[in-house]
Amino acid sequence: MRCKLLTAAVVALGILVTGCSTLQKVVYRPDINQGNFLTPADVSKLQKGMTKQQVAYILGTPMLQDPFGSDTWFYVFRQQPGHQDVTQQTLTLTFDGGGSLSGITNDTSMMKQEN
């Protein structure tokens, strides 16, 4: 009787200690996509000198605009696949005083997923 109780306690302790770490990959985690999804073909259509209206026609409205003016637009796309690292693409467009596109910066970063 004591052997069975000891075995049950060891098994229960083992499940409690390793349960979350071993089942982590088995548990379903949905892919989470947020922001403006931009294809490389759409980004390649941008040319310096375009107006804000032309840029908005190609890419849609930006996710963020410069809070201190409207001369910088940010198109942010964050992708978090279920059990993989998070990637984020940030397209930053700057406009001159006349409203013409003057700068294009496309950054992609990868962040480690916290478990």
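Conventions we followed
Residues numbered from 1 in each chain as written. Predicted model: local features only at pLDDT ≥ 70, side-chain atom pairs only at ≥ 80, totals over all residues. Heavy atoms only, no water. Helix = DSSP H or I, 4+ residues; strand = E, 2+ residues; numbered from the N terminus. Contact = heavy atoms within 4.5 Å. Polar contact = N/O pair within 3.5 Å; in protein donor to acceptor, adjacent residues only side chain to side chain. Core = buried A, V, L, I, M, F, W, Y, C linked by side-chain atoms within 4.5 Å. Buried < 20%, exposed > 50% of the residue type's maximum accessible area, 1.4 Å probe, protein only. pLDDT = per-residue confidence, 0-100. Phe/Tyr/Trp six-rings, centres within 6.5 Å; stacked < 30°, edge-to-face > 60°. Lys NZ or Arg CZ within 6 Å of the ring centre and 35° of its normal.

Undergrad: Hey, could you go over the environment of Asn36 for me, with residue numbers and the actual values?
TA: Along the chain, the position of Asn36 falls in the loop between β1 (32-35) and α2 (40-44). Considered as a pair, Asn36 and Gln89 are 53 residues apart in the sequence and their alpha carbons are 9.2 Å apart. Beyond its immediate chain neighbours, meaning those up to four positions away, Asn36 contacts Thr61, Pro62, Met63, Tyr75, Val76 and Phe77. Looking at Asn36, its side chain comes within polar contact range of the main-chain nitrogen of Met63, at 3.3 Å.

Undergrad: Which residues make up the nonpolar core, and what are the values?
TA: Judged by nonpolar contacts, Leu38, Val43, Leu46, Met50, Val55, Leu59, Trp73, Tyr75, Leu91, Leu93, Phe95 and Leu101 together constitute the single largest core of 12 residues. When contributions to this core are tallied by element, the ones reaching two or more residues are α3 (52-59), β3 (72-80) and β4 (86-95). At 3 residues, the largest contribution of residues to this core is made by β4. Setting aside residues no more than four positions away along its own chain, Leu91 makes contact with Leu38, Val43, Leu46, Leu59, Trp73, Phe74, Tyr75, Ile104, Thr105 and Asn106.

Undergrad: Before we move on, can you summarise the confidence of the model for the protein chain with the specific residues and values?
TA: In this model, the protein chain carries a mean pLDDT of 82, and residues with pLDDT of at least 70 account for 86%. Put simply, helix α1 (residues 2-23) is where the protein chain has its lowest mean pLDDT, 72, and α3 is where it has its highest, 93.

Undergrad: So what's going on with the packing of aromatic side chains? Which residues, and what values?
TA: Inspection of every chain in the model, using the stated rule, returns 2 aromatic pairs. Centre to centre, the rings of Phe37 and Phe77 are 5.2 Å apart; their planes meet at 70 degrees, and the pair counts as edge-to-face. Taken together, the residues span a long stretch of sequence, with Phe37 in the loop between β1 and α2 and Phe77 in strand β3 at a distance of 40 residues. The aromatic ring of Phe95 is capped on one face by Lys52, whose charged end is 5.5 Å from the ring centroid.

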